[in-house]
Each structure stands twice: as structure tokens, then as C-alpha cells.
Amino acid sequence: MASRLLLLFLLIVQALGAAAQGGGVRGRVTDATSKEALPGVSVLIAGTTTGTSSGNAGEFSITGLKPGTYKVVLSSIGYEAMPARTVEIGSDVVDLGTIGLAQTTVMAGEVVVSASRRPEKLTEAPATIDLITAKQIDELPSFNVGELLARQKGVDYIRTGVLGTGINVRGFNSAFNPKNLQMNDARLSTLIATGLPLGPLTSVVKEDIERIEVVLGPSAALYGPNAHNGLVNTISKDPRRSAGTTVALGLGNQSVFSGRFRHAQVINSKLAFKVTGEYTRGVDFPYVDTVYYNNTAFASPAVPATPTTPAIPAKTGQFHAAPEIDLDRTFKSLHGEAALYYSLTDKADIILSYGGNQSSFLAQTNAGRNQIKDWSVQYLHARYVSPRWFAQVYNTWSKTADTYAINQRTQNYLSFKDAGFGEDEARSRSFTEQWFGKTTTAGVALQRGAVFKDASRRVNGEVQYNNTFGIFNLVVGTQYQRDMAFSEHTYLFDRDGDIVINQIGLYTQGELTLPSHFKLIAAARADQHDRYGFNFIPKGGVVWSLNDQNLRLTYGQGIAAPTILNLDGYLFGGLLLGNGQGFTLSDGTVIDKLKVETIKTVEIGYKGKVTPKFFIDANAYYNRSQNFLSPSINIATNGRKVVKRGDTPMSQVIPGTPETGAATVLTYVNFGQVDTYGADFGFSYFLSSSLSLALNYSWFGFKLDHDDLKNDGNKDGKVQDEIDLPINTPKHKGSLALNYSGKKFFGSIFTRYVQAYDFYSGINVAAAANPTLGVKENARYGRTWNYGPLGGFTTVDLSAGYRVNSYLTASAQVVNLFDTKMREFVASPFIGRLYSAELKVMLPALGSK
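About the thresholds
Residues numbered from 1 in each chain as written. Predicted model: local features only at pLDDT ≥ 70, side-chain atom pairs only at ≥ 80, totals over all residues. Heavy atoms only, no water. Pairing = 2+ DSSP bridges. Helix = DSSP H or I, 4+ residues; strand = E, 2+ residues; numbered from the N terminus. Core = buried A, V, L, I, M, F, W, Y, C linked by side-chain atoms within 4.5 Å. Buried < 20%, exposed > 50% of the residue type's maximum accessible area, 1.4 Å probe, protein only. Contact = heavy atoms within 4.5 Å.

Engineer: Help me understand the pairing of strand β45 (residues 670-686), please; the structure alone is not making it clear to me.
Structural biologist: The side chains of a regular strand alternate between both faces of the sheet. Both strand β40 (residues 614-629) and β45 contribute to a ladder of 15 bridges, which runs antiparallel. Bridged to Ala-618 within β45 is Phe-681. As judged from the 13 bridges shared by β45 and strand β46 (residues 691-704), these two strands associate in the antiparallel manner. Bridge pairing in β46 links Phe-686 to Ser-692. The hairpin turn running from β45 into β46, its antiparallel successor, is four residues long.

Here it is as C-alpha cells:
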């Protein structure tokens, strides 16, 4: 019934926008430099509901206008928004001729889509948005586009090696962080069971990226769960606006080789396609994440007292250190995409696309590193795009059979070796079992699986409508998602087959234009999830905009939903269990099942072109976060045992568990409240049309109530910043860049500063000495080696390139020019100097001159 009412409402809305017969305007839009036609340009009659977009040849036509004076507004992503053109309309159609749009330089004129799910000028968007343009991507002499994220304000950029890069926004980073939503062409770019960003498993090729928009702060009202701290939206190129063939070859130290291609072709006025591909390989920096383990040959269970003998306490064994077994530092990735664009009309397209990736590399987790072995992620995607309607459906599937947890497999292997097993048997059994015993005959093998298999799938669908009614703009949509996770019981509780979870969301945003250049914004989302129920997520704000100046005050909420792993994890033979059902302890204590983590944010911001050459983007924010999702903790403490998971006895949950319960269960819980606050500043100044300076700075702080035991994450009876609510974010960070982009030469000098900061995540610790916690630098702490805090460095990158002609470009760069000793993440090497060089050939479209 609700869906029928929504459909009826949308049909009425669409009917209200129908125009009467009368005069009109027409014209053609081209790129001011290349003179090529620009399809998809938004053409709007200001102050009315009437608008259109340019067709494949750049042409547009608006009719049905009554006689009078009108203002025509043109805008397109990647181009300067033109001033409104005043036109006198009579009974005829006025021909505006050919209109050239200039590609943007100073960011104020740029058009973005991520803040409101529709095109709008950057200076009118109700959020802080960092923008990486196609030009910046084209001039990067590296296969790794993630390196450009280091140049954005307000983000914590981290590098885990030659291949691995990533970001976090506004605190609470971890080695297993799904709180920043990542999307490619409106499609989720995350793993199904863990919710983690695809990262090296993405199928996107550098040469096909039109832009990357990074939205800071909660975006859940429009994008749903896990747009908690921010959103990274990658948008690919339209083949009709970028026809031609590009081939790129790159080389670098660490045995890096990258070969990439992109071909886009317009077949006729209705049909166009593109295809991309990439093969990249290399060897990561030398580093061994030492495994500290209990030698189980010296372990023994507790023996209760008898009338004639005293009780004997359990022995947990002796701590030993060992290198990771069979460590493979080689990374390789084969991936690509293909897309077909079909124009139903000049203003409506159907887009069909496929993408796939198969990769091997090292990945960081809260329990050491994973050896990713031939993991593949593929998708099929269908979209309908028109000025008013957007609809999509896509299917994502993931496959791996040989990936394993290096730390756990190493412990398993050593347990067999210590007991006297042969090398071959110890290696083969290390994938699934751990030996508890002193000899090959006096002991028992327990299931401690290190292998992760995955055959998960996800289906998504979405319908969205937008329209403008005079001074009111409306966006309304609905989304559906069905996750089908399956690990063959290697890391999920899926003995009986797929774990199936459905969720549906309804979202809307309204913008009301007021006198004196003010705009009111209200957005809301309602989500229904099979496992954590109903959630309502509001957002609101007021924006003042005039002449590329913008002031805004916004309030927003976000949620971080527990992942399937958090809910239904079954790792290392049941040592770690998901908390989707809750637990009961032997003393009757009930551990509640997980619920969503929430964040509420108030933000004030300014962005604008202060002078024709000077652009400022600044914000200050205050967050309140509640119900944190903890790292894995042992809930069987103080002599208590875990007797039930939900209503199921632990003896049935983990076969072999005594009826009295499990003595050790690691799981996830909700806890705590903390306030965080900060400010981000970005300054861009164009010394000339080719030379610019960019300065970014961010500050971050927090406030934690140490007297509130709800903040006691590890349940030890006291609240400690580092252990219970690890912020894992530097207080100060900044960057400075000098960029040059001329007709022939281009290059940049980039320097980045990150203040030293402590990082605690699972078994991983990178922190300054702390006598209270017993932490020492350059020493073992628990099951990891503490090299000291992360950050605490200033680094310089240098790049340069030359356009030999319109077909050939050569470029090179050095990352970490002075080979600064810097460690950016836990379970990761110190990042050394990286060299790369690239040769790119760009051939024009077939049939073009």
C-alpha cells in the first residue's frame, strides 16, 4: 500500500511539472577548448520547474514558455557554471547558438553530485566536499590513484605499503574499519560480509575516472548505513564525452609494473561503449609482523582439588616469538570493466556494465595480517538515467578459497612443530588445526581454522526521483539490499548455507529557496533491517549562497551498522563469535546483542571564491558518538563462563565445549559515549592560470567521561582513553602543494605533516611509552611489537611530466623524496622512497580528425 501511494505521489509530482504550449529556447553546448559536443548538460529556466539536458550532439530545446523575460542556466560536472543568460521569449523558439563551457580551474565553479544526490555547484553544496578531478588523476605518474587522497583536507590518509592506501574521516580509525562508505558510479564498493572498502579489489582503472568526491561527516540520511563518518564517491567517464583509446605503461622500484588501457567509442547517435583493463604487480616493502604465541606444549588444564591434593592452576604456556610462515610480499591485480550506453531518447539512457578483479596481496586486520590469495570480486550493473528519474539494479559476488590469516596459521604450525611433528605435516595441518600437547601422542588437535573462504553475493536496487517546483527542490528515493554471505563455515556461522539479510530504505531531501540568498535543507531516511530493526536518520541545515560564496550550518546523524562478520562471525574454530544473538554467562549475566552505533554532528562551514584567484573551504564540527562497536573482547572474565549464544547452549555452538560453558569467547559489544570536535581548513591560490598553491590543515580533539563505566570497553573496571575508546587520529595534520599544469609541462611539489599519535586496534599497538598500561616503545606488548607511535613525520613528494604531443605523455614521480622513516599504520612496514615513471599514449576516437 505504501509503495502504491509513493508511486501515485511521484506521478502527480511529474504531472505538475508539465509545461504549457508557447515559445522557447534551443541551442548546442560544446567544450570551449576542444569544441566537442557536451551531452548531459543541465539547462534550467531559473525560477521555474522547467528544464532539460543536452542530447548526444550537445543540442537542447525547451518549449512551452509563455512570452516574457527568462534566465537560462547551464551547468555540467567538471565545468564552470556559467552566469545565467537573459532571454526575451515571444511566440517563437529563440536560438542561442553554440555555447562553450570552460573546464573548471578554481574549484568554486565545479559541479558536484554527492552532497545532495543531484548536480549542484560546489559552493552551494550543504557539506564539506574534497574533489579530485580528472585532470589531477591524469597528471598523477602512478597506477595508485589512492595517493591523491593524501592531498585532501580533513582526512586521515594512511599507506600500508606499495599497494595499500586508505583514508578515515574524523576519528576512530582501526585496522578493520567499515565506517566510511565507498561507492563507484552509485554502486556500493564494499565487501559483502565484512563491509570493508574493496581497496585493491576494485575493478576501476585510473584512466576511466572522471572525478572522486570525498564528503566529510555523516551522509547516512541519503546514502544509508555506514556513511557514518564520510563518503568516497568515484565517478567514471561517459564514453560519449571521452571517446578514444588510451594505453599506459608504468614502472617503479619494488619491482612495480603496471599496464593499463581504455577504449571508448561512439557507434552512432544511440549507442556507445567503453572497455578498460589493468594488470599491476610488485613486491611490498620488507617487513615481518612477528607472531607472539603461547607454546602449547607447556600448557595444561586446571586440576581441581581433592581431599588429599591441592588444586593445580591452569598453565597457559610460554610466550615465544616467530616470523610469519610462508610470507609472500608479492602483490598482483588483474581487473577491468566494460559498459554499454544506449540512448532511449536525447535525455534518457540505459547503461549496462560489468567489472571484475582478481588480486593477491597482504591485508591488515585486528589480529595480524591476512594473505589474500586470488580473491575475486565481480559485478553486473544496470542503470536508467534521465533528468528526473534514476533507477539501478546490480549484483555483486565475491570468491576466494585460499586466503588465510597469517598470524593464526603461524601459531597452528608452531604448535605442531613444538610437539615434534614433521615439517610437511605441520604445514598441511596448520591451515585448519592447532595442537595442544607436549608430544605427537600426548595431546589433542583442536579446530583453529586459519583459512578464509568466501562465496558471498549481494543484490541491490534503487529508484530515485527529483524535481524543482518554483523555489522548492525535491529528491525522493528508495533502496533495497539483499546480502547472501557464505564462507563454508570458515569465518561465518553458516553451517546451514547462506546467511541472508534484507534491508530496505526510503530517503528524501527537500530544499526551499528563501529571499536574501538563503536555502533551507531537510533530509530524512527510514531504514528497516532484518537484524537490527528500524532506524530513522534525519539531517537539516540552512545555507547562504551568493556569488560563489557559501555559509552553512547543518545538523546530521549517521549510523555504523554491525557487519555480517560482527553479527555472525565464527573464526578460529569458534574462538571468536559474532554477537547477533547475545550471550548468557554462567552467573546469569546477559550480554545484549549488537545494535547500531550512532553519531550526531553539528557543523558550520564556509567556502567561496574570495577573489578570482583565491578559494577557501573551512569548517568546524562537533560530534557525539554512542554505542561504539567494540573490537573483539573476551566476555568470559572473572571466572565466569559463556553458557549460551542466544538460546543455544555453547556445547552446540562449538562442538566439544563442556556443558559448563566456554572459558574463552571473543566477541563484539556496544559501549560508551564520547564527544569529538575539530576543524578543517583548505586554501587554494592561483598564481597564474597554470600555477597554484594549495594549503590544508586539520585539528581534532575529544572529550571522554572517565567516571562513566559504560565507557569501559574491555570491562576491567576503569576507563582508559587508549584501551577503551581508542581515537586513533592525529591531533594536527597538514599539507602544502605547489602545482603547475601548462600546455606541455606539468608537475607538483607536495609536502605532508602528520603529528605523532597512538594507535590501538585489536592485538595491534603503535604507541608512546605509557607506564600505566605497561607500554614500552620498541618492545613487545601483548601479542605485537610496539615500534612507537604512528605519524610524527614530514614527507615530500615530487612529480613532473611532459606532453610530447597530443598523443604522447611522459611523467615520473618520487614519493617520500628524502626517504623519511615513517610508519603510517599498524601491522605494516615503514614506508620508504618510491619511484615511478609512466608513459601514456592517447589516440583520438575513430573517425575523428
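Having seen the model, we can carry on.
Engineer: Mind showing me how you'd approach the sheet that holds strand β43 (residues 648-649) here?
Structural biologist: Adjacent strands of a sheet pair through backbone hydrogen bonds, lying either parallel or antiparallel. Spatially, the four strands line up as an open sheet ordered β38-β37-β42-β43, and their pairing is antiparallel. Across the chains shown, the open sheet's two edge strands, defined by having one partner strand only, are β38 (590-591) and β43. Direction of pairing for strand β42 (residues 642-645) relative to β43: antiparallel, over a ladder of two bridges. Each bridged residue has a counterpart across the sheet, and for Arg-645 the counterpart in β43 is Thr-648.

Engineer: Explanation requested: the nonpolar core in the structure shown.
Structural biologist: One broad trend across soluble globular proteins is that nonpolar side chains are buried collectively. Among the nonpolar cores identified, the biggest contains 28 residues, and Leu-201, Phe-361 and Phe-759 are the most heavily contacted of them. The element best represented in this core is strand β24 (residues 368-385), accounting for three residues. Once residues within four sequence positions are removed from consideration, Leu-201 is found in contact with Leu-191, Asn-357, Ser-359, Phe-361, Trp-375 and Val-377. Core analysis: the second largest hydrophobic core is formed by 25 residues, Phe-172, Ile-635, Val-642 and Val-653 among them.

Engineer: Looking at this structure, how should I read the pairing of strand β48 (residues 745-754)?
Structural biologist: Pairing analysis gives nine bridges linking strand β47 (residues 732-741) to β48, with the strands arranged antiparallel. The residue bridging Ser-741 from the neighbouring strand is Phe-746, located in β48. The loop that links β47 with its antiparallel partner β48 comprises three residues. With ten bridges joining them, β48 and strand β53 (residues 793-803) adopt antiparallel strand pairing. Counted as the bridge partner of Phe-745 is Tyr-802 from β53.

Engineer: For this particular structure, what's the right way to read the sheet that holds strand β16 (residues 230-236)?
Structural biologist: What the five strands build is an open sheet, ordered β10-β15-β16-β13-β14; its pairing is mixed. Sheet topology places β10 (128-133) and β14 (187-188) at the edges, where each strand pairs with a single neighbour. When strand β15 (residues 209-216) meets β16, the two strands line up antiparallel, connected through seven bridges. Bridging from a neighbouring strand, Ile-212 pairs with Thr-234 of β16.

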